[in-house]
Amino acid sequence: MWYHKPVINEELLQSLPNLKIVASSGVGIDHLDRNLLSSYGVKLSNTPFVVSTDTADLGMALMLASSRRLVEGYQMAVSPDTEYFPADWLGAELSGATLGIVGMGTIGYKVAERAKAFEMKILYHNRNQRNKEEESAVGAVYCKKIEDLLHQSDFVLLSVNLTAQTHKLIGKRELELMKPTATLINISRGLVVDQDALVEALHNKVIKAAALDVTYPEPLPRDHPLLKLKNVIITPHIGSATKKTRRLMMENMTESIQAGLTGLPIPNEVL
């Protein structure tokens with residue numbers, strides 16, 4: 001499967017009686033019915049580790065682009081109407097700011113490693129607390145309650161899998177808990193955020209800005225209000241989109257398929 005295609009439904013499974021494995025690109029498997037696959041005896045694999053470095057890089061890129069208003073700055077610099085650069089056109093600094101990471105898995109931890117180099121204060125909320133050595137290595141402080149992280153963070157970065165528990169994890173209440181000067185960055189899945197609530201929060205300056213690599217749907221309808229807001233940056237779900245990583249993803253999928261067809265242990269099998 002690449003970009004969630006083909007759609008795996010019962011009709012397809014019935015038409016493929018010898019199907020042994022579905023190899024899905026990327027980390028997220030929210031587009032698949034695992035119970036349905038299991039009922040047909042079909043195994044499932046993904047490519048969770050090869051995408052983590054690039055996705056973490058993009059998280060930092062979105063944070064920098066939003067904080068320093070790079071998209072607005074580019075538009076100003078190339079506009080035919082620009083006659084001078086205003087001295088009071090300012091962004092926000094990352095150094096010394098507080099980053100709250102929601103979801104400290106492989107990607108979230110790599111973001112923390114990068115943020116440490118920017119001298120950021122790092123908070124994180126996760127289902128399970130990481131061990132003290134891992135926390136100490138990046139200077140991260142665990143927040144058992146997401147509310148504590150939202151209250152304190154200048155930047156809130158979402159790096160969680162989409163599940164029933166994380167569906168619209170960030171809604172009106174959570175956005176109102178954030179600082180009015182805070183920025184929301186989403187590199188996980190669009191449905192982790194209540195988009196209607198986000199539009200309202202950005203329009204009413206409940207939070208300062210958002211930087212999103214994911215939305216729902218993708219792409220957004222061309223008349224969607226998120227596309228009209230100046231305090232939003234949206235990229236086309238490119239967390240893993242580098243030549244090297246996409247090749248490694250395909251290699252991972254091929255290895256899983258070969259193992260599945262020969263009855264060997266499947267690398268990156270989703271259990």
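Residues numbered from 1 in each chain as written. Predicted model: local features only at pLDDT ≥ 70, side-chain atom pairs only at ≥ 80, totals over all residues. Heavy atoms only, no water.

**Q** Looking at this structure, I do not really get the overall build of the chain. What am I missing?
**A** When its secondary structure is counted, the chain shows 10 helices and 9 strands. On C-alpha atoms alone, the chain measures out to a radius of gyration of 20 Å, which is about the 18 Å that the 2.2 N^0.38 rule sets for 271 residues. The C-alpha extent of the chain, read off along each of the three principal axes, is 65 × 50 × 35 Å. Taken over 271 residues, the chain has a buried fraction of 46%. Here the analysis covers contacts within the chain between residues at least 6 apart in sequence; of these, 62% occur between residues at least 24 apart. Carbon and sulfur atoms provide 55% of the accessible area of the chain, an area that totals close to 14900 Å². The average position of the 29 basic charges and that of the 30 acidic charges among the side chains of the chain differ by 2 Å. (Helix = DSSP H or I, 4+ residues; strand = E, 2+ residues; numbered from the N terminus. Rg over C-alpha atoms; globule rule 2.2 N^0.38 Å. Buried < 20%, exposed > 50% of the residue type's maximum accessible area, 1.4 Å probe, protein only. Contact = heavy atoms within 4.5 Å. Areas by Shrake-Rupley, 256 points an atom, 1.4 Å probe, with all protein chains shown as cover. Lys, Arg positive; Asp, Glu negative; His and termini not counted. Charge placed at Lys NZ, Arg CZ, Asp CG, Glu CD.)

**Q** Before we go on, may I ask you to explain the pattern of salt bridges in this structure?
**A** Two side chains with opposite charge may pair up if their charged atoms get near one another. Here the structure, examined in full by the defined rule, presents 11 salt bridges. Note that Glu 174 and Arg 173 form a salt bridge whose closest N and O atoms lie 3.1 Å from each other. One salt bridge in this structure joins Arg 247 and Glu 251, with 3.4 Å as the shortest N-O distance. Of this pair, Arg 247 and Glu 251 both sit in helix H10 (residues 243-262), 4 residues apart, which is roughly one turn of the helix. By relative accessible area, which is 33% here, Glu 251 ends up partly exposed. Linked through salt bridges whose partners overlap, the residues forming this network are Glu 147, Arg 173 and Glu 174. (Salt bridge = Lys/Arg side-chain N within 4 Å of Asp/Glu carboxyl O.)

**Q** For this particular structure, what's the right way to read the sheet that holds strand S6 (residues 155-158)?
**A** Strand pairing in a sheet takes place through backbone hydrogen bonds and is either antiparallel or parallel in direction. Spatial strand order, S5-S4-S3-S6-S7-S8-S9: 7 strands in an open sheet with parallel pairing. Either end of the sheet is taken by a strand with one partner, and the two such strands are strand S5 (140-142) and strand S9 (232-234). Across the sheet, the mean angle separating the axes of adjacent strands is 15 degrees when strand polarity is ignored. Alignment of S6 against strand S7 (residues 183-186), held across 4 bridges, turns out to be parallel. For Leu 158, the partnering residue across the bridge sits in S7 and is Asn 186. (Pairing = 2+ DSSP bridges. Axes fitted to C-alpha atoms, helices over the stretch in contact; angles between N-to-C directions.)

**Q** Explain the layout of surface pockets here, please?
**A** Considering only enclosed or pocket space, the second largest pocket measures out at about 560 Å³ in volume. Ser 66, Arg 69, Glu 72, Lys 230 and Asn 231 are, among the 24 residues lining the second largest pocket, the residues nearest its centre. Those elements that place two or more of their residues in the lining of the second largest pocket are helix H3 (52-67), helix H4 (70-78), strand S8 (209-212) and S9. In the lining of the second largest pocket, the residues fall into 12 nonpolar, 6 polar and 6 charged. (1 Å grid on protein atoms, 1.4 Å probe; cavity = no way out; pocket = protein on both sides within 12 Å on 5 of 7 lines; lining within 4 Å. Points joined across faces, edges and corners; volume = space filled by probe spheres on them. Nonpolar A, V, L, I, M, F, W, Y, C, P; charged D, E, K, R; others polar.)

**Q** Would you mind going over the pairing of S6 with me for this structure?
**A** Along any regular strand the residues' side chains alternate between the sheet's two faces. Side chains Phe 155 and Leu 157 project from S6 onto one buried face, and the interleaved Val 156 and Leu 158 project onto a second face that is buried too. Bridge count for strand S3 (residues 98-102) against S6 is 4 bridges, and the pairing is parallel. Note that in S6 the partner of Leu 99 across the bridge is Phe 155. At this point the chain moves from S6, through helix H8 (residues 172-177), to the parallel S7, and the crossover so formed is right-handed. (Right-handed = clockwise from strand over helix to strand, strands pointing away.)

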